[in-house]
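Letter by letter, the chains look like this.
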Amino acid sequence: MAASKKASLVWILVVITVVASAVLSLLAPGAGAATTCTPTQLTPCAGAIVGNAAPTAACCARLKAHPASCFCQYKKDPNLQRYVNSPNGKKVFAACKVPLPRC
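Residues numbered from 1 in each chain as written. Predicted model: local features only at pLDDT ≥ 70, side-chain atom pairs only at ≥ 80, totals over all residues. Heavy atoms only, no water.

Asker: Mind showing me how you'd approach the overall build of the protein chain here?
Answerer: When helices and strands are tallied, the protein chain shows six helices and zero strands. Split into buried and exposed, the 103 residues of the protein chain put 28% on the buried side. The contacts of the protein chain with a sequence gap of at least 6 include a subset with a gap of at least 24, amounting to 66%. (Helix = DSSP H or I, 4+ residues; strand = E, 2+ residues; numbered from the N terminus. Buried < 20%, exposed > 50% of the residue type's maximum accessible area, 1.4 Å probe, protein only. Contact = heavy atoms within 4.5 Å.)

Here it is in structure tokens:
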């Protein structure tokens, strides 16, 4: 039961984050910039970042395809930084051989 509650909480946080990101991107100056950062593209990594699961091939593929500049934005976003900067988040980047940019 605790695992399903934790998974439900993760999905609720993802939905809230997506909505908040969408609103912020619409309100931000230069919203028409070339790089669009969409944190929901990284949902295949949720189990590895929030739990202790190994990252899947889909997770690693999404991390590798995601623009590095987006990770810098996520590291500064109060709603997302706890995932990118967490020990599990860093383990996922390392396991997928994706360098976490210094911002």
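Asker: Would you mind showing me how to read the environment of Ala94 here?
Answerer: The topology assignment puts Ala94 in helix H6 (residues 87-95). Between the C-alpha atoms of Ala94 and Cys60, which are 34 residues apart in sequence, the distance is 9.9 Å.

Asker: Explain the environment of Cys70 to me, please; I cannot follow it from the model alone.
Answerer: Relative to the assigned elements, Cys70 resides in helix H4 (residues 68-76). According to the relative accessible area criterion, Cys70 is buried, its value standing at 0%. Measuring from C-alpha to C-alpha, the distance between Cys70 and Pro101 comes to 9.7 Å, with 31 residues separating the pair along the chain. Look past the residues within four positions of Cys70 in its chain and what remains in contact with it is Thr35, Thr36 and Cys37.

Asker: How should the packing of aromatic side chains be read in this particular structure?
Answerer: Pairs of aromatic rings are described using the distance from one ring centre to the other and the angle between the two planes. Following the criterion strictly, the structure yields two aromatic pairs and no others. Judged by centre distance (5.0 Å) and plane angle (85°), the ring pair of Phe71 and Phe93 falls under edge-to-face. Of this pair, Phe71 sits in helix H4 while Phe93 sits in helix H6; the two residues are 22 residues apart in sequence, bridging distant segments of the chain. As far as burial versus exposure is concerned, Phe71 and Phe93 are alike and both buried. (Phe/Tyr/Trp six-rings, centres within 6.5 Å; stacked < 30°, edge-to-face > 60°.)

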